[in-house]
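# Observations on chain architecture
For reference, the chains in residue letters:
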Amino acid sequence: MNKDKIHSPYSLSATFRAYAYDEVVLAWETQRVNIISAKFNKKTLEDGCGLYVLRLDKLSDVQRRDEGTWSSDEFLIFHNDGRGYECLFKRLRDTFAHGHYWQSKQDWITIRHRYKGSRDKLPNTRVFGNLRISTLKRMVAFLDTTNLAREVAR
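No experiment lies behind these values; they were computed from the predicted model shown.

Calculation rules
Residues numbered from 1 in each chain as written. Predicted model: local features only at pLDDT ≥ 70, side-chain atom pairs only at ≥ 80, totals over all residues. Heavy atoms only, no water. Helix = DSSP H or I, 4+ residues; strand = E, 2+ residues; numbered from the N terminus. Rg over C-alpha atoms; globule rule 2.2 N^0.38 Å. Buried < 20%, exposed > 50% of the residue type's maximum accessible area, 1.4 Å probe, protein only. Contact = heavy atoms within 4.5 Å. Areas by Shrake-Rupley, 256 points an atom, 1.4 Å probe, with all protein chains shown as cover. Lys, Arg positive; Asp, Glu negative; His and termini not counted. Charge placed at Lys NZ, Arg CZ, Asp CG, Glu CD. Salt bridge = Lys/Arg side-chain N within 4 Å of Asp/Glu carboxyl O. Core = buried A, V, L, I, M, F, W, Y, C linked by side-chain atoms within 4.5 Å. Polar contact = N/O pair within 3.5 Å; in protein donor to acceptor, adjacent residues only side chain to side chain.

Before going further, it helps to examine the overall build of the chain. Along the chain, the regular secondary structure elements total six helices and five strands. Each helix (α) and strand (β) of the chain, taken in turn from the N terminus, gives the series α-α-β-α-β-α-β-β-β-α-α. For 154 residues, the compact-globule formula gives about 15 Å, and the C-alpha radius of gyration of the chain, at 15 Å, lands near that figure. Along the longest, intermediate and shortest principal axes, the C-alpha atoms of the chain span 45 × 35 × 30 Å. Burial statistics for the chain: of 154 residues in total, 47% are counted as buried. Here the analysis covers contacts within the chain between residues at least 6 apart in sequence; of these, 63% occur between residues at least 24 apart. A total of about 8,700 Å² of accessible surface is found on the chain, and carbon and sulfur atoms cover 48% of it. Looking at the chain, you have 27 positive and 19 negative side-chain charges, and the mean spots of the two groups are 3 Å apart.

Within the secondary structure layout, Arg 55 lies in strand 1 (residues 52-56). By relative accessible area, Arg 55 is classed as partly exposed at 33%. Taking the C-alpha atoms as reference points, Arg 55 and Gly 82, 27 residues apart in sequence, are found 9.8 Å from one another. Contacts of Arg 55, omitting those with residues within four sequence positions, involve Phe 40, Phe 78, Asn 80 and Gly 84.

With that out of the way, let us pick up the environment of Tyr 21. In this fold, Tyr 21 is placed in helix 1 (residues 14-29). Counting along the chain gives 105 residues from Tyr 21 to Arg 126, while the straight-line C-alpha distance between them is 19 Å. Sequence-distant contacts of Tyr 21, that is, excluding residues within four places in its chain, are made with Leu 26 and Ala 27.

Let us look at the pattern of salt bridges. For the structure shown, the criterion picks out twelve salt bridges. One salt bridge connects Glu 29 with Arg 93, and the closest N-O pair in it is separated by 2.5 Å. You can see Glu 29 sitting in helix 1 and its partner Arg 93 sitting in helix 4 (residues 85-97), a full 64 residues away along the chain. You can call Glu 29 partly exposed: its relative accessible area is 45%.

So, about the nonpolar core. By size, the foremost hydrophobic cluster in this structure holds 34 residues, and its most contacted members are Phe 16, Phe 96, Ile 109 and Met 139. With seven residues, helix 1 is the largest single contributor of residues to this core. With seven residues, the next largest nonpolar core counts Leu 54, Val 62, Ile 77 and Phe 128 among its residues.

This paragraph deals with the side chain of His 79. Here His 79 is to be found in strand 2 (residues 75-79). A polar side-chain atom of His 79 sits 3.3 Å from the main-chain carbonyl oxygen of Asp 57. With residues near it in sequence (within four places) discarded, His 79 still touches Leu 56, Asp 57, Lys 58, Leu 59, Val 62, Cys 87, Arg 91 and Arg 126.

Structure below.
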């Protein structure tokens, strides 16, 4: 994958973009989201969502991994600021709010959110990965316990 190429969120359906906005961006911005309060555990995420998620505490470590070869399997790597699951959801919010995602192949999404903080000389990668859209939706439902309550009510 050419990581410098400009990719467009419009490569995904309007239905998916609406889902991402409603279930991630608006949920975060309106404080409707209720993030799972358990301590972050990548094994729990892998078992519950079928996704390898790596939390890295150093931004430079995320950047270094982003510069390497990406796996063809499903994965997600994000910079953690010490809040675990909440931080992961916030990284998804940033990705969808800034349109830093695209369809890499049918039913898959690639995300790569880069941000230049006030102390940074260049933008740094905060989160990146490739995953099936169905896996992403399972992860969002896992992270936001209000999604689980809505599913039970249906």
